[in-house]
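# Remarks on the overall topology
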Amino acid sequence: MIDFRIDPEAQARLAEAAEIGLKELRPAGLEADKNMAPIPVGDPFFDRCLERGEGGTSWTGLDGKRARSPRRSVVERLLLSEEQAYWDRGVIIALPGPGLPENNVISMGTDEQKERYLGPFLEPDRPRWACFGMTEPGAGSDAAAIRTTARKDGDGWILNGAKCFIGSASRSDWILVQATLDPTKGRGAQRAFFVEKGTPGLGSFKIEKKMGLKAYESTSFSLDDVRVPAANLLGGEARYESSAGFKTAMRTFNAGRPQIAANAVGMARSALDESIRFAREHDLLGRDRVRDRIEAISRKVRKARLVGLKAGWLADEERPNIIEASMSKALAAQMAQEATTLGLELVGIVGARGDHLIEKLYRDVKAMDIVEGTGQVQRMIVARTLVGLPR
Amino acid sequence: MFDLEPDDELALVLETARRLAREELVPPMRTHEADRAISPALASSWEEVGLSTLDVPIELDGAGMGCLARVFVNEALAEGDVGAAIALDPYGTALVALLEVGGLEAARTLREATGDGARRALFVDARDALVSEDDAGLTLDVPWVAADEAVALVLLDENGVCLVTEGLAFDSVRGAGIRAAGGGRLRLDGAPVAGRWENAEGAGRARARARLHTASLLLGVLSASCTFSANYAQERQAFGRPIAHHQALAFLITDMRIALDAARLVVHEAAWRVDQRLPCETEAASAFAEVIEVGRTIGPNGVQILGGHGFMADYPVEKHMREARALSLLHGGFDAAIEDAGQALIAQERPLGLGQEGAL
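## Observations concerning the overall build of chain B
Per the secondary structure count, chain B includes 11 helices and 10 strands. Against the globule reference of 21 Å for 360 residues, chain B gives a C-alpha radius of gyration of 20 Å, in line with a compact fold. Counting the 360 residues in chain B, one finds 56% classified as buried.

## A look at the sheet that holds strand β8 (residues 195-198) of chain B
Strands in a sheet are paired, the pairing made by backbone hydrogen bonds, and the direction either parallel or antiparallel. All names here are of chain B. Reading across from one edge, β1-β4-β5-β8 is the order of the 4 strands in this open sheet, with mixed pairing throughout. Of all the strands in the sheet, the pair left with one neighbour each is β1 (121-125) and β8. On average, each strand axis in the sheet is tilted by 15° relative to the strand beside it, whichever way the strands run. Relative to strand β4 (residues 152-156), β1 is paired through 5 bridges, and the arrangement is parallel. In the strand pairing of β4, Ala-121 is matched with Ala-152.

## Quick notes on the pairing of strand β5 (residues 190-196) of chain A
Residue and element names in this part refer to chain A. By the criterion of burial, β5 is predominantly enclosed, with 6 of the 7 residues buried. Relative to β5, strand β4 (residues 172-180) runs antiparallel, the two being bridged by 7 bridges. Within β5, the position partnered with Trp-174 by the bridge is Glu-196.

## Description of the confidence of the model for chain A
Low pLDDT means the predicted atomic positions in that stretch should not be read closely. In this model, chain A carries a mean pLDDT of 92, and residues with pLDDT of at least 70 account for 95%. By mean pLDDT, helix α6 (residues 244-281) of chain A is the weakest element of chain A at 82, and helix α9 (residues 357-365) of chain A is the strongest at 98.

## Considerations on helix α1 (residues 8-35) of chain A
Residues separated by three or four positions in an α-helix point in the same direction, a consequence of the helix having 3.6 residues per turn. All names here are of chain A. The terminal C-alpha atoms of α1, which comprises 28 residues, lie 39 Å apart, in line with the 40 Å expected from a rise of 1.5 Å per residue. Along α1, the largest kink reaches about 50° and is centred on Gly-21. Residues of α1 that are buried: Ala-10, Leu-14, Ala-17, Gly-21, Leu-25, Ala-28, Gly-29, Ala-32 and Asp-33. Where α1 is buried, its residues meet α2 (44-51), α3 (74-94) and α9. Remark: Met-36 follows α1 within two positions and exhibits a positive phi of approximately 55°.

## What to know about the pairing of strand β7 (residues 184-191) of chain B
Residues and elements named next belong to chain B. One ladder, built from 5 bridges, connects strand β3 (residues 137-145) with β7; its direction is antiparallel. Residue Val-145 lies in a different strand from β7, and its bridge partner there is Gly-184. Across 4 bridges, the pairing between strand β6 (residues 169-172) and β7 is antiparallel. Among the inter-strand pairings, Ser-172 is bridged to a residue of β7, identified as Gly-184.

## Some thoughts on the packing of helix α6 (residues 200-235) of chain B against helix α7 (residues 247-275) of chain B
Residue and element names in this part refer to chain B. Between α6 and α7, the shortest axis-to-axis distance is 10 Å and the interhelical angle comes to 155°. Compared by their axis directions, α6 and α7 come out roughly antiparallel. For α6 against α7, the interelement crossing comes out left-handed. Of α7, the residues touching α6 (which contributes Arg-205, Ala-208, Arg-209, Leu-212, Ala-215, Ser-216, Leu-219, Leu-222, Ser-223, Cys-226, Ala-230 and Ala-233) are Leu-249, Ile-253, Met-256, Arg-257, Leu-260, Ala-263, Arg-264, Val-267, Ala-270, Ala-271 and Val-274. Of the residues in the contact of α6 with α7, the class split is 17 nonpolar, 2 polar and 4 charged.

## A few points about the sheet that holds β3(B)
Residues and elements named next belong to chain B. The strand order across the open sheet formed by 4 strands is β2-β3-β7-β6, and the pairing between neighbours is antiparallel. Across the chains shown, the open sheet's two edge strands, defined by having one partner strand only, are β2 (130-134) and β6. Adjacent strand axes in the sheet meet at a mean angle of 15°, parallel and antiparallel pairs treated alike.

## Focus: the domain arrangement of chain B
Residue and element names in this part refer to chain B. Looking at the assigned domains, one finds that chain B contains domain 1 (1-89), domain 2 (90-198) and domain 3 (201-358). Here domain 1 and domain 3 have C-alpha centroids that lie 19 Å from each other. Contacts between the two partners involve 14 residues from domain 1, matched on the other side by 18 residues from domain 3. If one sorts the elements of the side of domain 1 that touches domain 3 by residue count, helix α4 (residues 66-87) sits on top with 13 residues.

## Structural notes on the domain arrangement of chain A
Residue and element names in this part refer to chain A. Entries for chain A in the domain assignment read domain 1 (8-121), domain 2 (129-242) and domain 3 (245-387). With 29 residues of domain 1 at the contact, the number on the domain 2 side is 23 residues. Counting residues per element, the ones that place at least two in the side of domain 1 that touches domain 2 are α1, α3, α4 (102-108) and α5 (111-118). At 6 residues, the largest contribution of residues to the side of domain 1 that touches domain 2 is made by α3. Its residues placed into classes, the side of domain 1 that touches domain 2 shows 17 nonpolar, 8 polar and 4 charged.

## A few points about the interface of chain A and chain B
Between chain A and chain B, the residue contacts involve 46 residues of the former and 43 residues of the latter. Those elements that provide at least two residues to the side of chain A that touches chain B are α1, α3, α6, α7 (288-316), α8 (322-347) and α10 (375-387) of chain A. Among the elements that take part in the side of chain A that touches chain B, α7(A) stands out by supplying 15 residues, more than any other. Split by residue class, the side of chain A that touches chain B holds 27 nonpolar, 3 polar and 16 charged.

Criteria and cut-off values
Residues numbered from 1 in each chain as written. Chains lettered and ligands numbered in written order. Predicted model: local features only at pLDDT ≥ 70, side-chain atom pairs only at ≥ 80, totals over all residues. Helix = DSSP H or I, 4+ residues; strand = E, 2+ residues; numbered from the N terminus. Rg over C-alpha atoms; globule rule 2.2 N^0.38 Å. Buried ≥ 20, exposed ≤ 12 C-beta atoms within 10 Å, placed from the backbone. Pairing = 2+ DSSP bridges. Axes fitted to C-alpha atoms, helices over the stretch in contact; angles between N-to-C directions. pLDDT = per-residue confidence, 0-100. Expected span 1.5 Å × (residues − 1). Bend = angle between axes of the 7 residues up to and from the residue. Contact = placed C-beta atoms within 7 Å. Parallel < 35°, antiparallel > 145°, perpendicular 65-115°, else oblique. Left-handed = near helix turned anticlockwise from the far one by under 90°. Nonpolar A, V, L, I, M, F, W, Y, C, P; charged D, E, K, R; others polar. Domains from an automatic or database assignment.

See the structure below:
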């Protein structure tokens, strides 16, 4: 039955997220932006995250009894993402935890892999991170084009290549590296490997300088004859028949796009509230032009939120959401850029000083139209289904 | 918690509406337009279907399915032919406007005046009319209504509604579109007011329902335009491939579809709020503005995709373009909608905060 309600429990969790956002995420994000550097590994901010029960896994353990972070519906996760990103999107990416590859490990990993790689996140003794190594200098949205190679060597694998823009890579306990057995064979030849911190050949970590979202590290690194045991192949060889290897990555992208859209909605809402606050303080709300622009952005925020939630709801219902996921991201990212642009135009020359929240949001939000497939790639994905646009 | 699945009853009604639109409304679309009326056979067969009383309360012998069901069905029917959809609906928003402002008794008055829906009633927002009143009665001039005749008028203003059942005069006008429902300039010249109900809050909700009603009809027209032009673009060849496979058009079609789907959700959410008795005026105004804005893009681009063919009356997209624009001018149009929504928004500290009133 059609329902747009947020149930009281979820509402309470959102209220809690808002409180943490105000007290923790927003100040940490502003500080990182001022310092122009990621939040350092030893920062007490991360200890407080653990104290609040964050930084764990939603995996329930091999006995199925443990769960540090209860698994919520996709819709609720999107609402939470929106609320967190409202306060600071960069900081939520910096948060400790098994991060992006967690779902892949839960859905595809062997029991041994789950225990080894997610086990430490059940009751983390310290802030721990993991990350997914997909993007390469020559392969962004076109994940099928990756060039990092995996070569069978006795009972193990040898990895060679370079990755870039990988979140939290230098601080991760392990990286799930996407590699190909043969770059000429496309998606079907791709595999994912656990590469643990300190593995010889894994190195040249370089934290990139970014325009925004400075609170988390985006890192490039190289893999030079990195040898990993056969047990580090995600899911084992049997999992990789046909094109399943590539689908590992695609599955992440499908889950990720509405998430990015929710982030964009949160950031846009942040810019909107700040714009209204500024306009009220400066007696601008009586001007038709100002009010009309605020109305237009509010409307776009509202619709982008609903499109994202629809994609999430379809995922909860285990129905295909490829079109909706792409639509949500294409729409929300564009809208959020407009929201921050409007905000800067409202605050005027003050925004040029470089220390205004809306100016930060303007820089931060651009990434939402790029990560997990650019807006153009999203349109290509939709158009393939809608009108059979050839690949 | 968030759920977009219509319940079984609505799903069934919707399936019926879509089938009827496809089979009964689309084929005679141009004939109805030329005749400025639907065929008597269609009109008489429609009474048995029961779609007209979908949002009429059970107490008044309706289905009592509410605003959300109405917007779903409106879209389905308007996707077939919006003129016929309006012609086949005896009340439009007239009955629910009376209901919101004056309650069941007021609505019952209209049921009686129309012979339980045997004849049409009109809803007019005072923002679309020149209105004055003196001892002689109500004088009014509405440049266009999608009707040639009606037995009752429900006129909405900021304070409430009044019902007029005598003295309705129509001068036939060509109409920019929606001709299957007729088209006239409506005048009253000192007409007696049969009833008046004042309730500003109810008037706000009545306007919300009226906007959502029109917005949902608009959605149907735009959906038809999107579907037709996208299908055409996959068949029509230019420069050695379907025109839809040129990225400029592929992206245009994609953006049209994204805009339509998004606007539909916004309308549904606002209609859901109506049924939940939650504040809905801002959301409805915003939803109406959104659909109008989307229509500005989809209407003309539906024609554009067909090129020269789109300009010709041989294809329905030119009709969609005209009719979407005409619908967009109702209730004070876009400017009134963004004014209402904007004023409400700036009065709030955090207008789109999550979880207010337990809803999005």
